[in-house]
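# Architecture and fold: a report
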Amino acid sequence: MTKKGIIIFDRNIDVEKTQENGKKVCEAYAPLIQQRIRLKMRLPLHTGSLIQVSSDIKSGNGIESEYINRIMKEGDQVDCFLNYIDEMIEMDEKAGKYLKYKLVDELTDEEIALKLGISRRALYGIKPNAYFRIAIWSHQVAYIKESTYEFIFNYAGLYERLK
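Residues numbered from 1 in each chain as written. Predicted model: local features only at pLDDT ≥ 70, side-chain atom pairs only at ≥ 80, totals over all residues. Heavy atoms only, no water.

### Considerations on the overall build of the protein
Along the backbone of the protein there are 7 helices and 2 strands. Counting all 163 residues of the protein, 25% fall into the buried class. A sequence separation of at least 24 residues applies to 69% of the contacts in the protein between residues at least 6 apart. When the accessible surface of the protein is totalled, it reaches about 12100 Å², and 54% of it is carbon and sulfur. (Helix = DSSP H or I, 4+ residues; strand = E, 2+ residues; numbered from the N terminus. Buried < 20%, exposed > 50% of the residue type's maximum accessible area, 1.4 Å probe, protein only. Contact = heavy atoms within 4.5 Å. Areas by Shrake-Rupley, 256 points an atom, 1.4 Å probe, with all protein chains shown as cover.)

Laid out in structure tokens, this is it:
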């Protein structure tokens, strides 16, 4: 006889461990971001002039710009990470800018605090939130405990008892 019931999952997020996981993700992406920046500086792919699909002057390079836009949208994981930082700037400006200055511009915490116009102490309040958001984005959320509760219903003869 198969058991029928309801399964409930109880999860509590370990905030500090999740923030630490987010920091590790950022540390792992930092050299990749710098490598990407160096690569973009060397390659002359900043314009669509390298890809010529047609010689139709009337189109106004419409096809070429479509190809360039498609190539830009089909980024890899580093591009997705950088795009998420840009999105984070819109959601939480200081946390997003902290990560951008830290990972892209390679600034120190003191320099970042000056650029943001805040104290270093205030910056230490922003950093955990930034790392927490990165951990969520990268699916690196840590849980304190994970409990499973299963409720099994014995409904044999239930209809007869309810009459």
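The discussion continues.
### Re unusual backbone geometry
Here the phi dihedral of Glu106 falls at roughly 55°; this positive angle occurs in a residue that is not glycine. The topology assignment puts Glu106 in the loop between α4 (93-104) and α5 (109-116). Despite not being glycine, His139 shows a phi value in the positive range, around 60°. One can find His139 in the loop between α6 (120-137) and β2 (143-152).

### Structural notes on the packing of aromatic side chains
Going through the model one piece at a time under the given rule, you end up with 5 aromatic pairs. A ring pair is formed by Tyr29 and Phe81, whose centres lie 4.1 Å apart and whose planes are at 5°; its orientation type is stacked. Here Tyr29 is found in helix α1 (residues 15-42), whereas its partner Phe81 is found in helix α3 (residues 77-91), with 52 residues between them in sequence. Judged by its relative accessible area of 13%, Tyr29 is buried. Overall, the relative accessible area of 0% leaves Phe81 in the buried class. Seen from their ring centres, Tyr98 and Tyr131 are 6.0 Å apart, and the 85° between their planes marks the pair as edge-to-face. (Phe/Tyr/Trp six-rings, centres within 6.5 Å; stacked < 30°, edge-to-face > 60°.)

### Concerning the packing of α4 against α6
Two elements in contact, α4 and α6, have axes separated by 9 Å at closest approach and are oriented at 85°. Looking at the two axes, α4 sits roughly perpendicular to α6. In contact with Lys94, Ala95, Tyr98 and Leu99 of α4, α6 contributes Leu123, Ile126, Lys127, Asn129, Ala130, Tyr131 and Ile134. Taken together, the residues of the contact of α4 with α6 sort by class into 8 nonpolar, 1 polar and 2 charged. (Axes fitted to C-alpha atoms, helices over the stretch in contact; angles between N-to-C directions. Parallel < 35°, antiparallel > 145°, perpendicular 65-115°, else oblique. Nonpolar A, V, L, I, M, F, W, Y, C, P; charged D, E, K, R; others polar.)

### Some remarks on the confidence of the model for the protein
Across the protein, the average pLDDT comes to 79, with 63% of residues at 70 or higher. Every residue in residues 46-53 scores below 50 in pLDDT, and together they form 12 contacts with partners more than four places removed in sequence or on other chains. (pLDDT = per-residue confidence, 0-100.)

### Overview of α3
An ideal rise of 1.5 Å per residue puts 21 Å on 15 residues; α3 measures up with 21 Å between its terminal C-alpha atoms. Among the residues of α3, Val78, Asp79, Phe81, Leu82, Tyr84, Ile85 and Met88 are the ones counted as buried. Those residues of α3 hidden inside the fold are in contact with α1, α4 and α6. (Expected span 1.5 Å × (residues − 1).)

### Here we look at the environment of Thr18
By the secondary structure assignment, Thr18 is in helix α1. Along the backbone, Thr18 and Ala142 are 124 residues apart, and their C-alpha atoms lie at a distance of 5.1 Å. Contact partners of Thr18, with chain neighbours within four places excluded, come to Ile13, Tyr131, Phe132, Ala135, Gln140, Val141 and Ala142. At 2.8 Å, the side chain of Thr18 forms a polar contact with the backbone oxygen of Asp14. (Polar contact = N/O pair within 3.5 Å; in protein donor to acceptor, adjacent residues only side chain to side chain.)

### Topic: a nonpolar patch on the surface
A cluster of nonpolar residues, Ile13, Val15 and Tyr143, forms a patch on the protein surface that exposes about 250 Å² of accessible area. With respect to the secondary-structure elements, Val15 resides in helix α1. (Patch = residues over 30% accessible without salt bridge, like charges linked within 9 Å, V, L, I, M, F, W, Y side chains within 5 Å. Salt bridge = Lys/Arg side-chain N within 4 Å of Asp/Glu carboxyl O.)

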